[in-house]
Each structure stands twice: as C-alpha cells, then as structure tokens.
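# Observations on the model geometry
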Amino acid sequence: EAQVTQNPRYLITVTGKKLTVTCSQNMNHEYMSWYRQDPGLGLRQIYYSMNVEVTDKGDVPEGYKVSRKEKRNFPLILESPSPNQTSLYFCASSLSGTTEGYTFGSGTRLTVV
Amino acid sequence: EDQVTQSPEALRLQEGESSSLNCSYTVSGLRGLFWYRQDPGKGPEFLFTLYSAGEEKEKERLKATLTKKESFLHITAPKPEDSATYLCAVRSNSGGYQKVTFGTGTKLQVIP
C-alpha cells in the first residue's frame with residue numbers, strides 16, 4: 001500500500017530532551033515536507049526537501065532540523081524541544097512537489113512539558 | 001504574502017441538505033488550488049486540484065469550482081460519512097520557490 005509512515009504517533013517529552021520523529025514513504029516521491037498543525041493556525045510548513053540532500057526552510061523552521069540522506073526518509077529533529085513546540089506534526093510527500101497534491105502521514109502528536 | 005481564508009469555520013447540515021464551502025485566496029501567481037479532507041486524528045486526504053478559473057472537478061457528492069478569487073466545494077445530498085474538516089490550500093510562486101499555504105478549514109457535521 002502506498003503510504004507515508006510516521007513514528008511515533010504520540011510522544012510526551014520534557015523540555016530540552018532531543019527527539020526525532022521519523023517519516024518514510026514508499027512511493028519513490030522526490031518531494032517531502034513537514035508541517036505542524038495548531039488550532040486556529042492551520043497547517044504551517046516547517047521544512048521541505050525537493051530531493052536527496054536538498055532541504056530548505058518553510059514558514060516556521062526555528063527549533064527544528066531535518067535531513068534527507070535517502071529518498072524515502074525525512075526525519076524531523078528537535079534538538080532542544082520547548083513547550084511551544086507542542087503540536088500535531090504531519091509529514092507529507094508528492095511525486096515532484098510542483099503540481100500534484102500531497103500524501104500525508106497519520107500524524108505525530110507531540111507534547112513538551 | 002499569500003492568504004487563504006475558509007468560511008464558514010463550522011457547518012452543520014441535515015443529511016441530504018446540500019451546501020457549499022468557500023475558500024477565498026490572495027496569491028501572487030497561482031500554481032494550483034487544492035482541496036483536502038481531514039478526519040479527526042488523521043492526516044489530510046487529497047481530494048482535488050484546480051489550476052485555472054472556470055475549472056471544475058467532481059468526486060461522488062463533492063464538486064469543486066474555481067474563480068480568480070475563490071473556490072467552492074459543493075456538497076450535494078451529504079451523508080453522515082461526509083462529516084470531516086475540509087481544507088483548502090494554494091500553491092504559488094512566492095519568494096522564489098513554489099509555496100503551499102493552507103487555510104484553517106471548515107468543519108462539516110452531517111446529521112442523520
């Protein structure tokens with residue numbers, strides 16, 4: 001089944017403890033992206049990647065890192081999480097990132113205390 | 001700066017009662033308008049892409065239309081299983097790259 005897989009689905013952590021949210025797609029998509037979704041603010045882009053080793057900032061990149069060493073994987077790294085990073089995170093992918101819609105993962109609900 | 005505004009924020013319909021959701025947008029150089037459906041606790045699911053004014057797309061009870069300033073998602077004779085949040089997004093040429101901006105969604109509830 002064609003899909004974007006995120007792990008974990010739920011995560012509670014403490015301020016300052018580094019964490020990684022994994023994202024993997026099995027559709028050979030070039031484009032991958034991370035979004036956060038907050039009530040009243042909608043989906044906001046954190047980082048995106050047009051291809052392996054090519055990444056760039058979205059609208060809200062502060063406090064996040066990404067890497068794209070393989071085409072299928074695009075992990076999101078929070079080096080020192082803070083409570084304002086408590087949110088629902090989605091990974092998305094598309095074939096080229098230019099014309100077609102995205103396939104989204106099921107989401108990761110992160111709570112930073 | 002690109003802007004996407006969806007209305008209403010929430011809509012409650014009786015089963016079979018047709019209605020429309022609105023997505024107003026302001027972008028520089030539209031490269032596509034997208035509709036997604038999002039169920040509680042799940043990621044958005046892609047529905048349609050519209051590229052130019054006058055274009056229409058249909059899928060079951062849903063029909064999306066596009067003008068130069070807004071898009072409508074018409075729901076004909078909705079069923080309870082159509083209950084979800086519907087998101088609109090636009091892709092444009094902004095800041096030198098193709099950027100996608102999402103609206104905050106319309107939460108639709110269809111009552112049996």
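Residues numbered from 1 in each chain as written. Chains lettered and ligands numbered in written order. Predicted model: local features only at pLDDT ≥ 70, side-chain atom pairs only at ≥ 80, totals over all residues. Heavy atoms only, no water.

Moving on to the interface of chain A and chain B. Tallying the contact residues gives 22 residues for chain A and 19 residues for chain B. Summing both sides of the interface, chain A and chain B together bury roughly 1500 Å²; the carbon and sulfur share of this comes to 46%. For chain A, the biggest contributors to the area lost against chain B are Leu43, Tyr102 and Phe104 of chain A; these three give 28% of the whole. Between the two partners, chain A and chain B, sit 0 salt bridges. At the surface where chain A touches chain B, the tally comes to 3 residue pairs in polar contact (both at pLDDT 80 or more). Every element with two or more residues in the side of chain A that touches chain B is listed here: strand 4 (31-38) and strand 5 (42-51) of chain A. No other element matches strand 5 of chain A, which puts 4 residues into the side of chain A that touches chain B. Class assignment for the residues of the side of chain A that touches chain B results in 7 nonpolar, 11 polar and 4 charged. (Contact = heavy atoms within 4.5 Å. Buried area = accessible area lost by both parts, 1.4 Å probe. Salt bridge = Lys/Arg side-chain N within 4 Å of Asp/Glu carboxyl O. Polar contact = N/O pair within 3.5 Å; in protein donor to acceptor, adjacent residues only side chain to side chain. Helix = DSSP H or I, 4+ residues; strand = E, 2+ residues; numbered from the N terminus. Nonpolar A, V, L, I, M, F, W, Y, C, P; charged D, E, K, R; others polar.)

Moving on to the packing of aromatic side chains. Any aromatic ring pair is given by two values, namely how distant the centres are and how the planes are angled relative to each other. In this structure the tally under the stated criterion is 13 aromatic pairs over all chains. Relative to tyrosine 102 of chain A, the ring of tyrosine 35 of chain A lies with its centre 6.3 Å away and its plane at 45°, an arrangement referred to as tilted. Remark: tyrosine 102 of chain A occurs in the loop between strand 9 (87-94) and strand 10 (103-104) and tyrosine 35 of chain A occurs in strand 4; sequence separation between them is 67 residues. Aromatic pair phenylalanine 104 of chain A and tyrosine 36 of chain B: ring centres 5.6 Å apart, planes at 85°, arrangement edge-to-face. Taken as a pair, phenylalanine 104 of chain A in strand 10 and tyrosine 36 of chain B in strand 4 (residues 30-38) lie in two separate chains rather than in one. Ring-pair connections join several aromatic residues into one group, and the members of that group are Tyr31, Tyr35, Tyr48, Phe90, Tyr102 and Phe104 of chain A together with Phe34, Tyr36, Phe46 and Phe102 of chain B. (Phe/Tyr/Trp six-rings, centres within 6.5 Å; stacked < 30°, edge-to-face > 60°.)

A separate point is the nonpolar core. Across soluble globular proteins, you tend to see nonpolar side chains buried next to one another. Counting 22 residues, the largest nonpolar core has Leu33, Trp35, Leu73 and Tyr86 of chain B as the members making the most contacts within it. Ranked by residue count, the leading element in this core is strand 9 (residues 84-94) of chain B, at 4 residues. If sequence neighbours within four positions are ignored, leucine 33 of chain B has contacts with Cys23, Tyr25, Phe48, Thr49, Leu50, Leu66, Ser71, Cys88, Ala89 and Val90 of chain B. Of all hydrophobic cores here, the second largest spans 19 residues; its members include Leu19, Trp34, Ile46 and Val60 of chain A. (Core = buried A, V, L, I, M, F, W, Y, C linked by side-chain atoms within 4.5 Å. Buried < 20%, exposed > 50% of the residue type's maximum accessible area, 1.4 Å probe, protein only.)

Attention now goes to the state of the cysteines. Scanning the model with the defined rule gives 2 disulfides over all chains in all. Each disulfide pairs two cysteine sulfurs, and for cysteine 23 of chain A the partner residue is cysteine 91 of chain A, the sulfurs being separated by 1.9 Å. For the disulfide bridge between cysteine 23 of chain A and cysteine 91 of chain A, the dihedral angle about the S-S bond is near -70°, and by the sign convention the bridge is left-handed. Taken as a pair, cysteine 23 of chain A in strand 3 (residues 19-25) and cysteine 91 of chain A in strand 9 lie far apart in primary sequence, 68 residues in all. For the pair formed by cysteine 23 of chain A and cysteine 91 of chain A, the shared burial category is buried. The disulfide that involves cysteine 23 of chain B links it to cysteine 88 of chain B, with 1.9 Å between the sulfurs. (Disulfide = S-S within 2.5 Å.)

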